[in-house]
Amino acid sequence: QVQLVESGGGLVQAGDSLRVSCVASGRTFSNYGMGWFRQAPGKEREFVAGITRLGDSTYYADSVKGRFTISRDNAKNTVYLQMNSLKAEDTAIYYCAARMTYRSGYVPRREEEYDYWGQGTQVTVSA
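Conventions adopted
Residues numbered from 1 in each chain as written. Predicted model: local features only at pLDDT ≥ 70, side-chain atom pairs only at ≥ 80, totals over all residues. Heavy atoms only, no water. Disulfide = S-S within 2.5 Å. Helix = DSSP H or I, 4+ residues; strand = E, 2+ residues; numbered from the N terminus. Buried < 20%, exposed > 50% of the residue type's maximum accessible area, 1.4 Å probe, protein only. Pairing = 2+ DSSP bridges. Axes fitted to C-alpha atoms, helices over the stretch in contact; angles between N-to-C directions. 1 Å grid on protein atoms, 1.4 Å probe; cavity = no way out; pocket = protein on both sides within 12 Å on 5 of 7 lines; lining within 4 Å. Points joined across faces, edges and corners; volume = space filled by probe spheres on them. Nonpolar A, V, L, I, M, F, W, Y, C, P; charged D, E, K, R; others polar. Salt bridge = Lys/Arg side-chain N within 4 Å of Asp/Glu carboxyl O.

J.: What is the right way to look at the state of the cysteines in this model?
T.: Between two cysteines, a covalent bond joining their sulfur atoms is known as a disulfide. Going through the model one piece at a time under the given rule, you end up with one disulfide. In this model, C22 is linked to C96 through a disulfide, with the two sulfur atoms separated by 1.9 Å. Separated by 74 residues along the polypeptide, C22 in strand β3 (residues 18-25) and C96 in strand β9 (residues 92-100) bring together distant segments of the chain. A single burial state applies to C22 and to C96, both of which are buried.

The following block contains the structure:
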């Protein structure tokens, strides 16, 4: 079992930056591919970014490519999502998710690939 706790959400203005974090506990963090998803009001949850278990490869949704950066610190059991040039359409609840894997180079991208989810953190971007 893995527990995931997100933090760092808040209210910002368009064009601002924000970093959200997710701390994992319960298992060896470096055995998990990690991802960030988001869900806006009235919309389905969507993939934002993913990172391999060792942090050597990442993948982004087209809507955030060039603005968001996912990273991880396996010594701190933490995955980050740095969000720059935020837009009103980035407003959503942001969730981190974990997928147990021993495969190198594997970035889970679909919701059904993930085993564990955090409770989410709200990010609101005012126009």
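J.: Mind showing me how you'd approach the sheet that holds strand β7 (residues 68-73) here?
T.: Sheet strands pair by backbone hydrogen bonding; their relative direction is either parallel or antiparallel. Strand order across the open sheet formed by four strands is β1-β3-β8-β7, with antiparallel pairing between neighbours. Each having just a single partner strand, β1 (3-7) and β7 make up the two edges of the open sheet. Averaged over all pairs of adjacent strands, the angle between their axes in this sheet comes to 15°, without regard to strand direction. In this sheet, strand β8 (residues 78-83) lies alongside β3 in antiparallel orientation, the contact comprising six bridges. Within β8, the position partnered with R19 by the bridge is Q82.

J.: How should the layout of surface pockets be read in this particular structure?
T.: Rolled over the atoms, a probe sized like a water molecule indicates the empty space that remains. Quantified by volume, the largest pocket comes out at close to 160 Å³. Lining the largest pocket are R38, A40, K43, E44, E46, S63, R67, K87, E89, D90, T91 and A92. The residue makeup of the lining of the largest pocket, split by class, is two nonpolar, two polar and eight charged.

J.: In this structure, what is going on with the pattern of salt bridges? I would like to understand it.
T.: Think of it this way: side chains of opposite charge can pair up when their charged atoms draw near. One pass over the full model with this rule turns up seven salt bridges. R38 is the partner of E46 in a salt bridge, and the nearest nitrogen-oxygen pair spans 2.7 Å. Taking the relative accessible area as the measure of exposure, R38 reaches 6% and is therefore buried. With its nearest N and O atoms 2.9 Å apart, the salt bridge here joins R38 to D90. Separated by 52 residues along the polypeptide, R38 in strand β4 (residues 32-39) and D90 in the loop between β8 and β9 bring together distant segments of the chain. D90 shares its class with R38; the two are buried.

J.: Can you walk me through the pairing of strand β5 (residues 46-51) in this structure?
T.: Working note: regular strand, side chains alternate between the two faces of the sheet. Taking burial as the measure, the six residues of β5 include five buried ones, the bulk of the element. In this sheet, β5 lies alongside β4 in antiparallel orientation, the contact comprising five bridges. Looking at the pairing, F37 lines up with F47 of β5. Following β4, the chain reverses through six residues before pairing antiparallel with β5; G42 in that reversal takes a positive phi of roughly 75°. A loop of six residues connects β5 with strand β6 (residues 58-60), the two strands running antiparallel in sequence, and G55 in this loop sits at a positive phi of about 80°.

Distances and angles like these do not, on their own, reveal function.
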